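Spelled out, the chains give:
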Amino acid sequence: MPRLPLRPRPLSDLERTVLEHILSADFAGASALRSQLDRTEVVALWAPGSASVNLRVREPAHHAAMSAELVPVDAHVHDQSGEYIGELLVWTDRGATLAALEYSWLTDEMPSSLPRVDQVMVSVR
């Protein structure tokens, strides 16, 4: 899927809060990824109106030592009634720096914003 490049901008409050929530899980590399948040910027949207974004970490950055590009966290999104409606995925660049925040949804319409953290249940895979 082609991405829509943006002029690099800082994380929004909601993007940062969601990333902090997901990265609060205890997995190898989590601390290094959390330390990158102050240097992380949004560089592209995945589609018009999408909540999914590509990220870039400005150097110098403390690189994570992860074996995979997908952060090993289940971040399930539930609506107000408790129904599972999607998940959030955090991607890294070669397992070292934050590269994307993806909102994968099961609803009929694409979400236009990230969920509140009280809607996201986080657990390590």
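Above this text you will find the structure in question.
Below or above, wherever it landed, is the structure these notes cover.

Analysis parameters
- Residues numbered from 1 in each chain as written.
- Predicted model: local features only at pLDDT ≥ 70, side-chain atom pairs only at ≥ 80, totals over all residues.
- Heavy atoms only, no water.
- Buried < 20%, exposed > 50% of the residue type's maximum accessible area, 1.4 Å probe, protein only.
- Helix = DSSP H or I, 4+ residues; strand = E, 2+ residues; numbered from the N terminus.
- Arc of directions from axis to C-beta.
- Salt bridge = Lys/Arg side-chain N within 4 Å of Asp/Glu carboxyl O.
- Polar contact = N/O pair within 3.5 Å; in protein donor to acceptor, adjacent residues only side chain to side chain.
- Contact = heavy atoms within 4.5 Å.

Overview of helix H1 (residues 13-23)
Buried residues of H1: Glu15, Val18, Leu19, Ile22 and Leu23, and no others. For H1, the buried positions fall inside an angular range of 125° around the axis, keeping them on one side.

Points about the pattern of salt bridges
According to the stated counting rule, one finds eight salt bridges in the structure shown. Between Asp38 and Arg16 there is a salt bridge, with the nearest N and O atoms lying 2.8 Å from each other. Remark: Arg16 occurs in helix H1 and Asp38 occurs in the loop between helix H2 (30-35) and strand S2 (40-45); sequence separation between them is 22 residues. Its relative accessible area of 58% is what places Asp38 among the exposed residues. Each member of the salt-bridge network shares a partner with another, and the members are Arg16, Glu20 and Asp38.

Structural notes on the side chain of His78
Checked against the element boundaries, His78 lands in strand S4 (residues 73-78). Looking at His78, its side chain comes within polar contact range of the main-chain oxygen of Gly82, at 3.1 Å. The residues touching His78, leaving out its near neighbours within four places in the chain, are Glu83, Tyr84, Ile85, Gln119 and Met121.

Observations concerning the side chain of Thr92
Following the sequence through the fold, Thr92 ends up in strand S5 (residues 84-93). When its relative accessible area of 3% is taken as the criterion, Thr92 is described as buried. Within polar-contact distance, the side chain of Thr92 engages the backbone nitrogen of Gly95 at 3.1 Å. Not counting chain neighbours up to four residues away, the residues in contact with Thr92 comprise Leu33, Met66, Ala68, Glu69, Val71, Thr97, Leu98 and Ala99.

Functional significance is not addressed by these values, which are geometric in nature.
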